[in-house]
There are 2 protein chains.
Amino acid sequence: MKMQLDCIPCFIRQTLEVARFAAPDDIVAHRQLLDQICSLIPDLPSDISPPFVAERIHEIIRQRIGVDDPYREMKKQNLNLAQAQVCRMEQWMERQEDRFEAAVRLAIAGNIIDLGVNLDFDLEGELDGLCCHDDDLGDIALLREAVETADQVLYIGDNTAEAVFDIFLIRELLPRKVYFATRSRPILNDITVPDALKIGIDKYATVISSGSPIPGTDLERTTPHFRQLFDDSTLVIAKGQGNFESLSDVKRPVFFLFKVKCPVVSELSGRRLGSSQVYYSEMKTAERVNYE
Amino acid sequence: MKMQLDCIPCFIRQTLEVARFAAPDDIVAHRQLLDQICSLIPDLPSDISPPFVAERIHEIIRQRIGVDDPYREMKKQNLNLAQAQVCRMEQWMERQEDRFEAAVRLAIAGNIIDLGVNLDFDLEGELDGLCCHDDDLGDIALLREAVETADQVLYIGDNTAEAVFDIFLIRELLPRKVYFATRSRPILNDITVPDALKIGIDKYATVISSGSPIPGTDLERTTPHFRQLFDDSTLVIAKGQGNFESLSDVKRPVFFLFKVKCPVVSELSGRRLGSSQVYYSEMKTAERVNYE
C-alpha cells in the first residue's frame, strides 16, 4: 500500500507524539524534530509505504534524542496490562463454542495496542467488547479453510503486548508447524525476538527475526530464512496495519488480521474504520499462479 | 494566542483540505502544495498566531491554483443552508423567556460553520440541540452586564453563513449603536462587506471592513476607522476561534463567542472541546487600566 496524501499530516502528528514520548520536557527538541520531518516530506517518493516513513522518523528521533529504544518502559507497562487480562480471557475462551473464531477475535482485539496511531487505546474496553460483538470479521471463512489445509504457518507479529493474545490463536493452529516472526530491532512498541521469548511464544512456535527494521515488513531487508518461510509456508498470517501497509502488494496470498485504525487503510481495504478484520489478499492469489 | 506544536499537523491537514477544495482533481498540485507548506514550517516563528499561518497557506494555494476565491460557491451553499433555518429559529426565539441568552446561544451555534476546522459540520443538528441544551455558556453573565452598560458595540464577524444567526444577537443589542466588522477580502468562508450587505446586516448595524485579510483579526493591518472603533467602543464582541486566536492577547477587554473546535483552543481557553462559549478576556481588564 502506497502512502496517500492524507498520511502526510499523520506523519507530522506521529513525529510530535514520538518526540514528546522520547524527550517529554524538551519542547525545543520537539519543534526541531517537527521542522526536520517537515523538511523531509518533499523528498518522499509517492510510492513509499507508510511504515518506511515511520522508520525514517524514528531513526531521526533516535539520533536527535540519543535514546535507542524510547518505548522500552511503555512496552513493559503495556505488557503488564495485557498479561493482567490473560486469566479472564482463558476463562472466556473456555465458554466459546467456536474456539477458532474466538481466538481470531482475541488476536485482533490485541491489535488495539498501537502507539503509532493512538496512544490512548482502551485494551480492557476492547476485550470487554469481545463478549457482545458479532461484527463481520471479513474473510474468516477463508482463513478457517486455509488453516485446515495448511501444514506450515508463518505468523508475522506486530506489537509486543498484542502477542500475549496472539498465543491464543497460535495454540489453535497447532499441531501445525508455526513460525512466529518479529521485527529485527526495537521500533515503536513492536515485538522483537527477546520480547517474544519473554512472553513465552517459543512454547508454541519457533521464534525468528524477520530481519525487517520497519514497523511492518520490508521484504527487501528480511533474512534469507524469513524469505524462504514467507515463500514456502502454506499459510502466512500477518498482524496489524504496518504489515498490511507493507505487504498488501506482495505476490503471495497473505491473511492480514488487524483493527482498522485509520481512514486511509479503511478506504484502501474497503473495511469499516474501527472494525476488526481478517483481510485476504485474494487478488494476489491469481498472481501467485504466475509467481510459482 | 501563539501557535502550539499541535497546530503544525493541523496546518498540513488544512492545506490538503483547501487544496482539494480549490482543485479537486489535481492530485499533483495537492502534493506540490503539501510539499511547499511543509517546507515553510521551519520558518514559522514560534510566537505566530494560527490565523496568520492560515493566511500564508491560502495565499500560496491561491497563487498555485490561480483561483482568487475558491470558497465562493461553498459560501453560497452554506448561506442557503443557514437561511433555510431562519424561519424556524425566529419561531424558536419567540418561545424563549430569556431572549438575550437564546440569541447568544444561536449566534454561537452558527459558529459551527467552519471550513478551516471541519468540512463536515452539522448545522441543523447544532440548531436542533439548542432546544434541549442548557450547558454552561461561560461568561454570559458578564456579557449581559456589559451589554446593559454599553452605548456602542463593535461586533467582529467570522464566517459568512454564521452571520445569518449573528443578526439575532445584534437585534438584542439595539438600540445601542452597533458596528459589524468583516474581513478585508475573501479567505476561507469568512465574511466580507459584500457578503454582509447581501445578508442584510446593514439593516441593524453599520457594516465596515476591519481591514484584516487573515481568518481572524490582525490588528496591525486593520484600518484606522476599525482601530478607533476597537479602542473606543464600550463593548467588543468577536466571533469564532480565528478572532480568539488573533485577539486573545490584545490589551482591551473582548467578549469572544465561539464553539471550541480544537484541543489546542480547548486547553488554552480552559473550556471543554465541543462546547459553546462566551469567553471574557478578563485578565486584560487589569491591563486596560494601564492602557487607558
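The structure this text deals with has already been given above.
## Describing the overall build of chain A
Broken down by element type, chain A carries 14 helices and 6 strands. Whereas a compact globule of 292 residues would reach a radius of gyration of roughly 19 Å, chain A reaches 18 Å, a difference of no more than 12%. In terms of overall dimensions, chain A has C-alpha extents of about 55 × 45 × 35 Å along its principal axes. Once local pairs closer than 6 in sequence are excluded, the contacts in chain A between residues at least 24 apart make up 71%.

## As for the sheet that holds strand 6 (residues 276–280) of chain A
Residues and elements named next belong to chain A. Read from one edge to the other, the open sheet built from 6 strands follows the order 3-2-1-4-5-6, with strand pairing classed as mixed. Of all strands in the sheet, those with a lone pairing partner are strand 3 (206–209) and strand 6, marking the two edges. The mean angle between the axes of side-by-side strands here comes to 20°, regardless of whether they run parallel or antiparallel. Across 3 bridges, strand 4 (residues 235–239) lies against strand 5 (residues 255–259) in parallel orientation. By the bridge assignment for strand 5, Ile237 is matched with Phe255. Here helix 11 (residues 224–232) sits on the sheet in contact with strand 1 (152–156), strand 2 (177–182), strand 3 and strand 4, set at roughly 120° to strand 1.

## Points about the packing of helix 1 (residues 7–22) of chain B against helix 3 (residues 50–65) of chain B
Each pair of packed helices can be summarised by the angle the axes make with each other and by the distance between the axes. Residues and elements named next belong to chain B. For the pair helix 1 and helix 3, interaxial distance at closest approach is 10 Å and the crossing angle is 30°. Judged by the angle between their axes, helix 1 and helix 3 are roughly parallel. Along this stretch, helix 1 crosses helix 3, giving a crossing that reads as right-handed. For the pair helix 1 and helix 3, contact is made by Cys7, Phe11, Gln14, Thr15, Val18, Ala19 and Ala22 and by Pro50, Val53, Ala54, Ile57, His58, Ile61 and Ile65, respectively. Tallied by class, the residues present in the contact of helix 1 with helix 3 amount to 11 nonpolar, 3 polar and no charged.

## Here's the deal with the interface of chain A and chain B
Accessible area lost on assembly of the parts is the figure often given for the size of an interface. Chain A puts 21 residues into the contact, and the matching count from chain B is 21 residues. Taken together, both faces of the contact between chain A and chain B bury some 1,600 Å²; the carbon and sulfur share is 67%. Considering only the side of chain A, the residues that lose the most area to chain B are A:Leu5, A:Pro9 and A:Arg31, jointly responsible for 36% of the buried surface there. At the boundary of chain A and chain B, one finds 2 salt bridges. With a closest N to O distance of 2.8 Å, A:Arg20 and B:Asp6 form a salt bridge. Listed by contribution, the elements that provide at least two residues to the side of chain A that touches chain B are helix 1 (7–22) and helix 2 (27–40) of chain A. Here the side of chain A that touches chain B takes 7 residues from helix 2 of chain A, the largest share from any one element. Residue composition of the side of chain A that touches chain B, grouped by class: 13 nonpolar, 3 polar and 5 charged.

## Examining the packing of helix 2 (residues 27–40) of chain B against helix 3 of chain B
Residues and elements named next belong to chain B. Relative orientation of the contacting elements helix 2 and helix 3 amounts to 145°, with a least axis distance of 11 Å. The handedness of the crossing between helix 2 and helix 3 comes out as right-handed. Where helix 2 abuts helix 3, its residues Ala29, Gln32, Leu33, Gln36, Ile37 and Leu40 lie against Ile57, Ile60, Ile61, Arg64 and Ile65. Tallied by class, the residues present in the contact of helix 2 with helix 3 amount to 8 nonpolar, 2 polar and 1 charged.

## Let's talk about the pairing of strand 2 of chain A
Residues and elements named next belong to chain A. With 5 of its 6 residues buried, strand 2 lies for the most part within the structure. As paired elements, strand 1 and strand 2 share 5 bridges and run parallel to each other. Of the residues in strand 2, the one forming a bridge with Ile156 is Ala181. In the classification by handedness, the crossover that spans strand 1, the intervening helix 9 (residues 163–173) and the parallel strand 2 is right-handed. Summarising the sheet, strand 2 and strand 3 pair through 4 bridges and their orientation is parallel. Note that in strand 3 the partner of Ala181 across the bridge is Ile208. Viewed along the sheet, the connection from strand 2 through helix 10 (residues 193–199) into strand 3 turns out right-handed.

Quick notes on the rules
- Residues numbered from 1 in each chain as written.
- Chains lettered and ligands numbered in written order.
- Predicted model: local features only at pLDDT ≥ 70, side-chain atom pairs only at ≥ 80, totals over all residues.
- Heavy atoms only, no water.
- Helix = DSSP H or I, 4+ residues; strand = E, 2+ residues; numbered from the N terminus.
- Rg over C-alpha atoms; globule rule 2.2 N^0.38 Å.
- Contact = heavy atoms within 4.5 Å.
- Pairing = 2+ DSSP bridges.
- Axes fitted to C-alpha atoms, helices over the stretch in contact; angles between N-to-C directions.
- Parallel < 35°, antiparallel > 145°, perpendicular 65-115°, else oblique.
- Left-handed = near helix turned anticlockwise from the far one by under 90°.
- Nonpolar A, V, L, I, M, F, W, Y, C, P; charged D, E, K, R; others polar.
- Buried area = accessible area lost by both parts, 1.4 Å probe.
- Salt bridge = Lys/Arg side-chain N within 4 Å of Asp/Glu carboxyl O.
- Buried < 20%, exposed > 50% of the residue type's maximum accessible area, 1.4 Å probe, protein only.
- Right-handed = clockwise from strand over helix to strand, strands pointing away.

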